[in-house]
Structures are given as structure tokens and as C-alpha cells.
Amino acid sequence: MSITATEPSTATGEARYAALAERFRPVFDRIAAGTLEREQQRILPFEQVTWLKEAGFTILRLPAEFGGDPVSHEHLFRLLIELSEADSNVSHLLRSHFSFVETIALQPRAFQERWFPRVAAGEIFGNAATERGGNALGTTATKLREEDGRWLLKGEKYYTTGSIFADWVVVMASTEGVEGRQYALVRTDAAGVQVLDDWDGFGQPLTGTGTAVFDDVEVAAEDIIARKVSSTLESAFFQLCLLAVLVGIGRAALRDASELVRNRTRTFNTGQGQLFREDPLIQEHVGLLAAKVYAAEAVVSSAARDLDAAVDPQLGLDTEAAYLRAELAVQKAHVTVPGLVLAATGELFDVTGASATSRGKSLDRHWRNARTVATHNPVAFKARSVGDYHVNGTIPTGLNSIGDAPAGDRRDGGAA
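Keep in mind that what you see is a predicted model, and the values were worked out from it rather than measured. Position numbers for residues count from 1 along each chain, tracking the sequence in the order it is written. Two thresholds apply to this predicted model, a pLDDT of at least 70 for residue-level local features and 80 or more for giving and counting side-chain atom pairs, whereas whole-chain, interface and lining totals are computed over all residues. Note: side-chain values were computed over all heavy atoms of the structure, leaving out hydrogens and water.

**Some points on the overall build of the chain**
Under the convention used in this document: A helix here means a DSSP run of H or I that spans at least four residues, while a strand means a run of E at least two residues long, and both kinds are numbered starting from the N terminus. Restricting the calculation to C-alpha atoms gives the radius of gyration, and the globule rule supplies 2.2 Å times the number of residues raised to the power 0.38. The Shrake-Rupley method, run with a 1.4 Å probe sphere, supplies the accessible areas, and residue values consider only the shown protein chains as cover.
Scanning the chain from N- to C-terminus turns up 12 helices and eight strands. Relative to the 2.2 N^0.38 estimate, which gives 22 Å for 416 residues, the radius of gyration of the chain is 22 Å and therefore close to what a compact globule would have. For the chain, the spread of C-alpha atoms along the principal axes amounts to about 80 × 50 × 45 Å. For the chain, the accessible area works out to roughly 18200 Å², and carbon and sulfur atoms hold 51% of it.

**Focus: the nonpolar core**
Rule in force here: Residues grouped as a nonpolar core are buried Ala, Val, Leu, Ile, Met, Phe, Trp, Tyr and Cys residues, joined through side-chain atoms within 4.5 Å. The buried label applies to any residue whose accessible area, calculated with a 1.4 Å probe on protein chains only, is under 20% of its type's maximum; exposed applies above 50%, and partly exposed to all values in between. When checking whether two residues touch, look at their non-hydrogen atoms; a contact exists if any pair is within 4.5 Å.
In this structure, Leu52, Phe57, Leu60, Phe77, Leu240 and Leu307 are the most contacted members of the largest nonpolar core, which totals 59 residues. Of all the elements in the fold, those that place two or more residues in this core are helix H1 (14-33), helix H3 (46-55), helix H4 (73-86), helix H5 (88-93), helix H8 (234-263), helix H9 (280-310), helix H10 (319-347) and helix H11 (364-374). Here this core takes 11 residues from H8, the largest share from any one element. Sequence-distant contacts of Leu52, defined by excluding residues within four places in its chain, comprise Val27, Phe28, Ile31, Phe57, Thr58, Leu83, Val90 and Leu94. Counting residues in hydrophobic clusters, the runner-up holds 18 residues, among them Phe66, Val101, Val119 and Ala129.

**Digging into the environment of Arg23**
Relative to the helices and strands, Arg23 resides in helix H1. Linking Arg23 and Ala184, residues 161 residues apart in sequence, is a C-alpha distance of 35 Å. Among all residues touching Arg23, those that are not within four sequence positions of it are Ala55 and Gly56.

**Structural notes on the layout of surface pockets**
Inclusion rule: Cavity: a set of points on a 1 Å grid over the protein atoms alone where a 1.4 Å probe fits but cannot get out. Pocket: an open set with protein on both sides within 12 Å along at least five of seven lines, its lining residues, like those of a cavity, having an atom within 4 Å of a point. Grid points are joined across faces, edges and corners, and a volume is the space filled by probe spheres set on the points. Each residue receives one of three labels: charged for Asp, Glu, Lys and Arg, nonpolar for Ala, Val, Leu, Ile, Met, Phe, Trp, Tyr, Cys and Pro, and polar for the others, Gly being one of them.
Considered as a void within the structure, the second largest pocket measures approximately 350 Å³ in volume. Along the walls of the second largest pocket sit 20 residues, with Arg255, Asp256, Leu363, Arg365 and His366 positioned nearest its centre. Elements with a minimum of two residues in the lining of the second largest pocket: helix H2 (35-41), H4, H5, H8 and H11. Top element by residues in the lining of the second largest pocket is H8. It accounts for six residues. Per-class residue counts for the lining of the second largest pocket are seven nonpolar, six polar and seven charged.

**Focus on the pairing of strand E3 (residues 150-157)**
Applied cut-off: Should DSSP find at least two bridges between two strands, the strands are taken to pair.
Relative to E3, strand E2 (residues 143-147) is paired through five bridges, and the arrangement is antiparallel. Of the residues in E3, the one forming a bridge with Leu144 is Leu153. In this structure, the hairpin formed by E2 and E3 is closed by a connection of two residues, where Asp148 is found at a positive phi of approximately 55 degrees. The pairing of E3 with strand E7 (residues 212-219) spans six bridges and is antiparallel. In the sheet register, Trp151 faces E7, and the bridge partner there is Val219.

**Remarks on H10**
Condition: Here, expected helix span is obtained from the residue count minus one, scaled by 1.5 Å. Fitting one axis to the seven residues ending at a residue and another to the seven starting there, the bend at that residue is the angle between the two axes.
Along its 29 residues, H10 runs 42 Å from first to last C-alpha, staying within 8% of the 42 Å computed at 1.5 Å per residue. Of all the bends found along H10, the most pronounced is centred on His334 and spans about 30 degrees, while Pro338, a proline, follows it within four residues.

**Here's the deal with the packing of aromatic side chains**
Selection rule: Stacked, tilted and edge-to-face pairs are distinguished by plane angle, under 30 degrees for stacked and over 60 for edge-to-face with tilted covering the rest, among Phe, Tyr and Trp rings (Trp via its six-membered ring) whose centres lie within 6.5 Å. Geometrically, a lysine NZ or arginine CZ counts as sitting over a ring once it is within 6 Å of the ring centre and also within 35 degrees of the ring normal.
Here the structure, examined in full by the defined rule, presents 16 aromatic pairs. With 5.0 Å between their ring centres and 45 degrees between their planes, Phe66 and Phe116 make a pair best called tilted. Here Phe66 is found in the loop between H3 and H4, whereas its partner Phe116 is found in helix H7 (residues 109-120), with 50 residues between them in sequence. Like Phe116, Phe66 is buried. Between Arg95 and the ring centre of Phe238, over which it is positioned, the NZ or CZ distance is 3.5 Å. Taking NZ or CZ as reference, Arg187 lies 5.2 Å from the ring centre of Trp168, over its face.

**Comments concerning the packing of H1 against H3**
Note the threshold: Each axis is a line fitted through C-alpha atoms, and for a helix only the stretch in contact is used; angles between axes span 0 to 180 degrees, taken between their N-to-C directions. Just so you know how the angles are binned, under 35 degrees is roughly parallel, over 145 roughly antiparallel, 65 to 115 roughly perpendicular, and the rest oblique.
Running from N to C, H1 and H3 cross one another at 170 degrees; their axes reach a closest spacing of 10 Å. What the angle tells us is that H1 and H3 run roughly antiparallel. Residue-level contacts link Arg23, Phe24, Val27, Phe28, Arg30 and Ile31 of H1 to Gln48, Trp51, Leu52 and Ala55 of H3. Partitioning the contact of H1 with H3 into residue classes produces seven nonpolar, one polar and two charged.

**A closer look at the pattern of salt bridges**
Definition in use: In what follows, salt bridge is the name for a side-chain nitrogen of Lys or Arg lying within 4 Å of a carboxyl oxygen of Asp or Glu.
According to the stated counting rule, one finds 27 salt bridges in the structure shown. Taking the shortest distance from any N to any O, the salt bridge between Glu131 and Lys157 comes out at 2.9 Å. Placement of the pair is Glu131 in the loop between strand E1 (125-128) and E2 and Lys157 in strand E3, with a sequence separation of 26 residues. Just as Glu131 is buried, Lys157 falls in that class too.

**What to know about the confidence of the model for the chain**
Using the following cut-off: Each residue carries a pLDDT score, the predictor's own confidence in it, on a scale running from 0 to 100.
When pLDDT is averaged along the chain, the result is 91; 90% of the residues meet or exceed 70. This stretch, residues 1-12, has a pLDDT under 50; its non-local contacts, to residues over four places away or in other chains, come to 36 contacts. Note that pLDDT drops below 50 for residues 410-416; the model gives that stretch 21 contacts with residues more than four away or on any other chain.

The structure is reproduced here in C-alpha cells:
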């Protein structure tokens, strides 16, 4: 399968990004205004998702021939960082949507003509790939079967991020007698579909990352896609979404640290008696925190530019070279970014006093959210993969699967 891209129709420079940011920042600001209340009262951001849809945010990568004005990878991920600073739950829950838009572009023309108009109409796509356990690596307990000329889907998924907000859910399944796995697309309001808000993670609590049940849900044959491990940018794109979320969390921590120091009037009897905002030690600490966040953002932006380069027709990279450029960039970013952001979200508490631990402030949400996002793929596996490439020239590959490994299996793993 060759690599294709939704090409930006206008210049991709800083002026283009400035116009995009000006367009969406008022929406991001509205979202940010209620973030703390939603966190403390567990209010799922259905309304906020609607605001983004109405503003055209969910069609940012829609090809021009289907009515879009597609932005570059770099600009999309920079916007996701800004949205993540406003509310990391909202950006995270859209990860599956943007990833599926990329997947549509890799499918045959008939499939594109069926699904891109739905993206253009503002419909949103969620994810149901992972199961809690019991499925062997490379297979699923969720099954597709043909019965009386109809395809039926049955199974249960977890970590279904974004699906509770979506119009459609992309379900990974297996079919008896068919090698590999398939994606089945079903409406979230179809008979037999149940999406639950039972995610109990201590971070990213409002992403709808819970259970989805499919009880003999009918699936159109043309809405079943073979899931193939191939040299495309799908995996790199999917993982870079998480890193953009992490950077946005880091920016939110820096924002709150700066505000705490700026407004604080109390000081410690062990200090120099200065206002915190005038204390050079506190200023230095905020500066170090800011540098970590800047470095993390620079890494993600650089990786996004590598995705753009991979599909740049002027460079003319072949499939393997394009895949390698994107995959290596994102894997290196994955090794680097989580540690920087986790450090920043922890150091937030070193610039103030015990009052910062008040539950009313919920400042711990930044670390909890960052820690939760960072668990999606163990950094050690990415670092090993990158090292193997640089030492031995081994092309990075992932299993693109989660499940129970056979006893004694030494293969590398990773999130789907």
C-alpha cells in the first residue's frame, strides 16, 4: 500500500498557522473556562466537542476534493497542543477521529467516496480496538460472522476513547477462517451497541475511555476493512496525537505555575522574605520548568514536520523511506517527551506552598493526566527499537496489537 496524504491547499508557513490559531483560539478559550468545573464534577465534554465540530475543527485534514482545506501535520499537531492546554480530555478524545480520517485516505476510492462526505458533514469517529484480556496477541475475542447474508458483530471492548462522543465507532474484530483482523464501522446508536462511561483511571477522566458492548450488531459488508500491518504513517500519526496531548498538559502546568507565583503574597520563614515573583530562586525554577515544556513542544513539532516531509511529493520518498522517516521521528519523540512533561507537572508544586495541594485547585490533575497518557506505550520499548535501528539497521516495526503473549515470547509490544 503506498503512502498518500491530504495535501494542504495553501502555504504551510507561520502566517498560515497564525490564521488557523486566531480562528480556533476563541473556541479553545471557551473550553478552558470550564475545565476545572468539569474535572471536579465529572461532566463529560459533549458540549465542547460540539463547539469544535461547529467551528470546523474536526475536518482539518479533509481533502480539498471533498470540500476541505487541509492543514499540514505540523499545524494540526500544534493546534492539538493548544487545545490540550485548554482541556487535555477534549483533545485526547478526538485522537481516534483524526486517525480514522488519515485511514480513509489510504483506502480505495469507493471507500473514500463513502466516508469523506460523512467527515465533511461533521460526523465523529471513535475507537474500540482493545480488550481487557483473554485474547491472544494478534487476535480479538470480538468476532464478525456472516449469517443469512448479513454480517454481525459481537464482543466487548475497553479503552474505547472518544466513542461515547462519536457518531461512529471503528471496532477491531476477527472473523473465523479469515487471516488477521478487520475494522468494522458501526453507528454508536445502532441496535445492539452500548457505550458506557465506566473509565476509572486516575487521569484523563472525561475521555470516555470505558467499555463498549456489541451484541450482534449488523455491519454493512462495505464497512469492513482488512486490518493490515503496513508501511504507512498510521501508527506514527496515532502516537504523535498522544505526545501532543502531553505537551498541552505541560503548557497548562506552566501556565498555572506562573499564575501561582505571580499572585502569591505569602512567603516562608526559611526564605529571604521576598515576594515569590521577585525571588530569583523561584524565578529560576519557573524558568527551568518552562524550558522543559519548550523542549517537549519543539520535539513534537519537529516530529510532525517529519510526517509532512514523508509525504512531500517534492521529496519523492518511496514507501519504506517515508515510513522510516515518520516512524523513527515519532519513536524518538516518544522516548523524550513523557519524561519532560512528567517532570514539569511534578515541579509545578515546588514553586508554591502547601496551598497548591488544595483539592479545590485540582492542580494534581496535570500530573495525573500526563501520567495516564504516558502509560499508553512503555518508553523502554520505543528506546530499544530506536537503538536497534541505529546499531543494527533494523527497521522499526510494531505488532499493532495488544493481547496475551505466548509463554516465552520475547517479541516487542506496543499499543494498537
